[in-house]
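Chain residues, written in single-letter form:
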Amino acid sequence: MSTSRTLLHEISHLLTAIYPSGEASAVARLLLEAIGWGTVAVFTGKDSDLGPDERLRLQDFLRRMLDLREPVQYVVGEAPFCGRSFAVRPGVLIPRPETEELLRLVEADARSGLLPQGGLLDVGTGSGCIAVTLAKLFPAARVEAWDISEEALQVARENARRHGANVCFRRCDLLEEAGKAQALPAESGSTFPEKRQHFSPPAQALSPAPGQKTAPLAALVSNPPYVLPSEEAQMAPEVCRWEPREALFVPQEDPLLPYRALARLGRKRLAAGGKIYLELNPLLAAQVEELLRAAGFGEVRLVEDFDKKLRFITGTNPFLC
Ligand code: GLN
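Below or above, wherever it landed, is the structure these notes cover. (Residues numbered from 1 in each chain as written. Predicted model: local features only at pLDDT ≥ 70, side-chain atom pairs only at ≥ 80, totals over all residues. Heavy atoms only, no water.)

**Quick look at the overall build of the chain**
Along its length, the chain carries 13 helices and eleven strands. Burial analysis of the chain (321 residues in total) assigns 50% to the buried set. When contacts within the chain are restricted to residue pairs at least 6 apart in sequence, long-range pairs at least 24 apart make up 69% of them. Accessible surface, the chain: about 14,900 Å² in total, of which carbon and sulfur atoms supply 54%. (Helix = DSSP H or I, 4+ residues; strand = E, 2+ residues; numbered from the N terminus. Buried < 20%, exposed > 50% of the residue type's maximum accessible area, 1.4 Å probe, protein only. Contact = heavy atoms within 4.5 Å. Areas by Shrake-Rupley, 256 points an atom, 1.4 Å probe, with all protein chains shown as cover.)

**Some details on the packing of helix H1 (residues 4-15) against helix H4 (residues 52-66)**
Pairs of packed helices are described in terms of their axes, by the angle between the two and the distance that separates them. H4 packs onto H1 with a crossing angle of 20° between their chain directions and a minimal axis gap of 11 Å. Between H1 and H4, the angle is such that the two are roughly parallel. Relative to H4, H1 is oriented so that their crossing is right-handed. Contacts between H1 and H4 pair Leu-7, Ile-11, Leu-14 and Leu-15 from the former with Leu-58, Leu-62, Met-65 and Leu-66 from the latter. (Axes fitted to C-alpha atoms, helices over the stretch in contact; angles between N-to-C directions. Parallel < 35°, antiparallel > 145°, perpendicular 65-115°, else oblique. Left-handed = near helix turned anticlockwise from the far one by under 90°.)

**Topic: the site of the ligand**
Surrounding the ligand, one finds Leu-93, Arg-96, Glu-98, Asn-223, Pro-224, Pro-225, Tyr-226, Val-227, Ala-247, Leu-248 and Glu-279. Between the ligand and the protein, one listed contact pairs a nitrogen atom with a side-chain N or O atom of Asn-223 at 2.7 Å. Contact between the ligand and Tyr-226: a nitrogen atom at 2.9 Å from a side-chain N or O atom of the residue. When grouped by side-chain class, the residues that make up the shell around the ligand number seven nonpolar, one polar and three charged. (Near = heavy atom within 4 Å. Polar contact = N/O pair within 3.5 Å; in protein donor to acceptor, adjacent residues only side chain to side chain. Nonpolar A, V, L, I, M, F, W, Y, C, P; charged D, E, K, R; others polar.)

**Comments concerning helix H8 (residues 150-162)**
The terminal C-alpha atoms of H8 lie 18 Å apart, and with 13 residues this matches the ideal 18 Å at 1.5 Å per residue to within 8%. Of the residues making up H8, those classed as buried are Ala-152, Leu-153, Val-155, Ala-156, Asn-159 and Ala-160. End-on view of H8: buried residues confined to an arc of 160°, all on one side of the axis. Buried residues along H8 sit in contact with strand E2 (84-87), helix H7 (129-137), strand E4 (143-147) and strand E5 (167-171). A distance of 3.3 Å separates the backbone nitrogen of Glu-151 from a side-chain oxygen at the start of H8, and that oxygen is part of Ser-149. Looking one or two residues past H8, Gly-164 carries a phi angle of roughly 60°, positive in sign. (Expected span 1.5 Å × (residues − 1). Arc of directions from axis to C-beta.)

**Some points on the sheet that holds E5**
Taken together, the seven strands give an open sheet; going across it, the order is E5-E4-E3-E7-E8-E10-E9, and neighbouring strands pair in mixed fashion. One side of each edge strand has no neighbouring strand; the edge strands of this open sheet are E5 and strand E9 (298-304). Across the sheet, the mean angle from the axis of one strand to that of its neighbour is 15°, orientation sign disregarded. In this structure, strand E3 (residues 119-123) lies alongside E4, joined through four bridges in parallel fashion. Opposite Val-123, over in E4, you have Trp-146 as the bridge partner. This element, H7, spans E3, E4, E5 and strand E7 (217-222) of the sheet and lies at about 175° to E4. In this fold helix H12 (residues 257-269) packs onto E3, E4, E7 and strand E8 (270-279), with an angle of close to 160° to the strand it touches most, E8. (Pairing = 2+ DSSP bridges.)

**As for the pairing of E2**
In this sheet, E2 lies alongside strand E1 (residues 78-81) in antiparallel orientation, the contact comprising four bridges. By the bridge assignment for E2, Pro-80 is matched with Ser-85. In this structure, the hairpin formed by E1 and E2 is closed by a connection of two residues, where Cys-82 is found at a positive phi of approximately 45°.

**Structural notes on the packing of helix H6 (residues 97-111) against H7**
Put simply, H6 and H7 touch, their axes get as near as 11 Å, and they point 30° apart. With respect to each other, H6 and H7 are oriented roughly parallel. The hand of the H6/H7 crossing is right-handed. Side by side, H6 and H7 meet where Thr-99, Leu-102, Leu-103, Val-106, Glu-107 and Arg-111 of the first sit next to Ile-130, Thr-133, Leu-134 and Leu-137 of the second. Of the residues that constitute the contact of H6 with H7, the class distribution is six nonpolar, two polar and two charged.

Following this line, the structure appears as structure tokens:
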């Protein structure tokens with residue numbers, strides 16, 4: 001008979017083959033929780049043997065992680081984001097802790113009254129973690145989320161249901177949509193008002209007015225693909241072998257492709273004073289900054305993540321005279 005603590009120790013030891021030891025015991029705990037041996041059982045020293053089903057599941061988890069290098073989040077089917085647990089499986093990018101900071105930027109601006117009225121759009125939603133979190137933070141806002149992958153949208157819808165979030169999901173291709181957003185408003189003479197209208201989106205104000213096809217957005221948020229193929233050699237096998245390539249990589253010869261499309265879409269769809277919030281590759285930070293300025297955004301600002309890397313950019317759609 002092995003106690004849960006001995007088991008935790010044994011699994012942690014196996015996992016040190018692929019994780020630093022501190023992380024290995026946290027991951028071992030996740031695996032035990034996933035088979036129903038939660039933290040309480042472990043710390044109260046539950047001392048019955050694993051049942052045959054539990055043993056088989058645990059063996060399967062360990063084989064997938066150690067032999068196939070499958071990420072633990074896919075193995076247990078869950079990943080945390082902004083205090084909630086999201087269903088994840090191959091086909092959606094696993095939410096990253098730094099992306100939580102992107103959400104915090106939107107939240108801080110909205111709460112300080114820096115956003116105009118309008119909807120919120122998440123482009124390339126993946127697991128839906130950004131859109132669902134936005135919908136929970138701003139329940140009166142119309143939140144829309146796009147992805148090109150039907151498989152991702154299924155997971156995102158599942159997550160919206162799980163958290164009771166009201167999100168309108170649409171299958172669409174950013175590049176195609178941005179292509180339709182041809183006509184940019186005149187860029188000369190743009191100005192920013194002293195005082196912004198407070199962000200308090202009543203549901204009806206977010207629906208398109210009659211005759212208007214799409215309602216203006218208060219914020220456009222996206223964590224687009226931004227990894228350069230030349231970076232792949234330094235990346236963990238859990239990422240390269242398992243996570244969707246289309247959510248990770250940009251073409252080496254045109255890494256700004258998603259950013260050009262997002263800038264164009266933002267200029268077309270954002271309300272005056274509406275803001276764009278993008279995650280980015282620190283290697284591309286200066287180029288994306290230049291791109292947003294050239295597209296006509298004001299107040300363009302690069303923001304560091306907790307690791308002191310330039311990871312986010314924000315910009316404001318100008319008010320026109
Ligand atoms: N931040 C992710 C990584 O390091 C990449 C996510 C993305 O391309 N948007 O793998």
